[in-house]
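For reference, the chains in residue letters:
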Amino acid sequence: MSYAVETFGLTKTYGSTVALDNLSIKIESNRIRVLLGPNGSGKTTFLHLISTVLRPSSGSALVFGHDIVKEPLKVREMVGIAFQEPRGFWRHKPKHILSFHAAVYGIDGEERQVRVENVMKEFGLWESRDKKFMDLSGGQAKRLEVAKIFIQKPRLAIFDEPTAMVDLDGKRLIWDKIKELKEGGSTVIVATNEVREAEYLADKISIFSKGREIVTSSLSELKDMVKGGDTVEVELSGSVNDDILSKISSMKGTYNVRKEEETRIVANVTRSEDWVPLFFQTFENKKIRILSIKVREPSLDDVFMHFIGEKDEENTV
Amino acid sequence: MKKTLFELLIFDLKESFNSVVYVSYSWLYFGLQFFAYGAIITNLVVSVHNYFIYFGAGLVVLSSFNIASWAGRRFVEFAHEGRLKYLLCLPVSRRALFIEQIAHGVIVNLVRMAPPIAVVLAVNNSLTTFNLLGTLAILALSAIGIMGLMLSLSVLAFKSFDIYSAIVAALSALLVRFSTINYPLSAMSGAIKSISMANPLTYISDLLRAFLGIDTSLLANQSYSIAVIVALAIGTLFLGTYFMSIYVEGVKST
Amino acid sequence: MSQARVMLRVIRVDLGYFFRTKWLLLTLISLNLSDMLVAGLVYTKIMSIDYLTFFAPGVVVAGLFTASLDVGRRVHLGLTEGVIQYYMSLPISVKLLAVSHLISAGLAGTIYSGILLAVASLLLPSLISLSLIPIVASMFVVSMGLGGVAAVINLISGSGDRYWQFAEGVQSLFLGFSTVFYPVYAIKSVIPSSIVNFVKLNPLTQLAEEIRASLPTEHTILQPYELVVSSFVLFMIGFLCYSYIFSEVNKRGKL
């Protein structure tokens, strides 16, 4: 497996504030990695470090094998970043901003014109082409910021909250475009605190909190990591008694179980795909029959809160 | 509403005086212009008696004009930074907001200009309470007029900031050049003299010089000067409040 | 990927800012012209010298400051509007980014003052000669040095909103302590000799004197090598200031 980004104890401090704390992380090539975390969790700092916008206080990082401190120019040639706050001179028009970006990355002549025009049309900016940057709405400015990356098509595309302030249609458009970018061979890193965005885009999710990476995995694996994250609702043919509850409690994978109604129980379990067959085995020879069974996986919201909460508890202790 | 206005005024004043370094720097800058450049140019001027003090009075008016212009332009910057939207949602009328902006500009002007005026009066051996208060009163009145003008022009900025900047820069510079800030009417001829005689800065400068005992044959008529300054202040106050109440939010206010 | 390409683009953006509106440019030019024609003419009547002839080259030199400081203002806006961080993500080194802004200042000053020089030539026809070529070259060199002065102002004013206030002060110092507006003998009689040395070394003095040297009636204190040396010193100071500013943004995320 080749890595687009590898960091080794990467740390960034501002005075006594530790924005990124000893981060060692690997991001696979040609995948979409989503960084999920609350405000101030270090996502943006991490993105600015690997795009060489900021210099690390200690530690190091490689982008496609190039050191961000020793070879910043090589890194910049391969990286494109769409900032959280759109960056542009207030008096420039969208076309000017995109043409500048294209020219800097060696897209010249007619190709530049065509690409800029196409991207502006794709991102719904064509109607605003004669407005100044400072007169764009928040959503338009954000689309413009993101559009830069689609002009450039870098090997490593970085998006910091790409759909903040963007309307629902725009969000879906940007997400689909990000996926296209990956299909075209780019590695993509997206920082967000919007769970739906992470669910839609991520090959893998890294959850950040307080400058540290808490966990990294695929969405399904993350869900499985949540103890008692799956909820199983069972309707039985007879009354639920203490003996039944006790048997279920003692089953492997049960996190907790409660009686909801006379004939209905709700159990929070880990890995429902293992737990449900075991449940059937346990009640196979009993007089009581299972009338229905419903399984609900944890949402990414639950996963996120689980890990962030866990981290907070650790810190409290 | 009065309390909100007062709070707003205090907030603006604190912001304008938050840098002691900058205020001190502006006084030093005045001192440099007066004592160095004023002295050098006085060496070259042969036909204006006591040109050093003549220059000093012009410099006071120029500095005061710049402060008043800045305070007016600041309002336009509010519009572009988004602060104006916030101000417009406060429980104060547009007219009251305009008066508050004027009051802020006048207070800043007086505080910033009092020491330079005192210095020029002292160099001229005419530093008395009467002269100091008299010159400050002239500056306060003229600051109202200049700020009113700049705030009225800010209506343009809602269409294009560039056009506004160009017009204000041109107007400011032309007002200074076609006036008696740097040279007397007697040295001018033709169109330059005619334009200068229609310029309020001529009357502000010359009225100030009258307090400094400059040869009155070089100056515009004093009674006429007072009338022009008062008319400018009242005229631009009316104009500004009218524009403010009608155009600032883009629709006619109720 | 060539850093030269990024440099060219940055320079183009800087120049585009200065020449952004014909309104502003026309206004600035007409102001400088009114300086020449109004102030020059009126002062001639009350002064002991032919001030119009003396002053017209001075206005051309003062125009360099207008343009160079405006390019500096562009960098200042880049700092406050966050564009410098965007530049940091582009394939250009901090040092070359600094050089780009200084070259922009040089070009903006030369183009703008070139227009003023053309107007001054109408007033003073003897300016039109072969000496115009070295004058234009000197304008570029001095203007790059003034770009360095703008870098210092950027460093002093940081990301606050005092750029123009400090610029006004610095501009006044450089113009006031030079022979742009007054002949050196008038300065000598008022200013301590140590400052008179600054006046002589000031590249604005040197450029003003170089332009006046082409006028038969004017006596100059021209030392051409001093113009290059003093401009180079300012250029280097500017280079260090910009490099420091951009490095700070790279290190701390802000100035």
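Residues numbered from 1 in each chain as written. Chains lettered and ligands numbered in written order. Predicted model: local features only at pLDDT ≥ 70, side-chain atom pairs only at ≥ 80, totals over all residues. Heavy atoms only, no water.

Student: Just to check I follow, could you spell out the overall build of chain A for this structure?
Tutor: A count of helical and extended segments in chain A gives 11 helices and 15 strands. Taken along its principal axes, the extent of the C-alpha atoms in chain A is 80 × 45 × 35 Å. Out of the 317 residues belonging to chain A, those deemed buried represent 51%. The long-range fraction of contacts in chain A, counting pairs at least 24 apart against all pairs at least 6 apart in sequence, stands at 68%. Split by element, the accessible area of chain A, about 14,300 Å² in all, is 46% carbon and sulfur. (Helix = DSSP H or I, 4+ residues; strand = E, 2+ residues; numbered from the N terminus. Buried < 20%, exposed > 50% of the residue type's maximum accessible area, 1.4 Å probe, protein only. Contact = heavy atoms within 4.5 Å. Areas by Shrake-Rupley, 256 points an atom, 1.4 Å probe, with all protein chains shown as cover.)

Student: Looking at this model, I keep getting lost on the interface of chain B and chain C. Mind explaining?
Tutor: For interface size, the figure often reported is the accessible area lost on association. Counting from both sides, the interface comprises 39 residues of chain B and, opposite them, 34 residues of chain C. Interface area lost by chain B to chain C is led by Tyr-37, Ile-40 and Leu-44 of chain B, which between them contribute 21%. The tally of links between chain B and chain C comes to 1 salt bridge. For the pair chain B and chain C, the number of links is 11 residue pairs in polar contact (both at pLDDT 80 or more). Counting residues per element, the ones that place at least two in the side of chain B that touches chain C are helix H2 (20–44), helix H3 (51–81) and helix H7 (161–177) of chain B. Ranked by residues supplied to the side of chain B that touches chain C, first place goes to H2 of chain B with 13 residues. Considering only residue class, the side of chain B that touches chain C consists of 28 nonpolar, 9 polar and 2 charged. (Buried area = accessible area lost by both parts, 1.4 Å probe. Salt bridge = Lys/Arg side-chain N within 4 Å of Asp/Glu carboxyl O. Polar contact = N/O pair within 3.5 Å; in protein donor to acceptor, adjacent residues only side chain to side chain. Nonpolar A, V, L, I, M, F, W, Y, C, P; charged D, E, K, R; others polar.)

Student: Quick question: what am I supposed to make of the pairing of strand S2 (residues 17–23) of chain A here?
Tutor: Regular strands have side chains that alternate between both faces of the sheet. Residues and elements named next belong to chain A. Relative to S2, strand S1 (residues 3–14) runs antiparallel, the two being bridged by 4 bridges. By the bridge assignment for S2, Tyr-14 is matched with Thr-17. Between S1 and S2, which pair antiparallel and follow one another directly, the connecting turn spans 2 residues, one of which, Gly-15, has a positive phi of 60°. (Pairing = 2+ DSSP bridges.)

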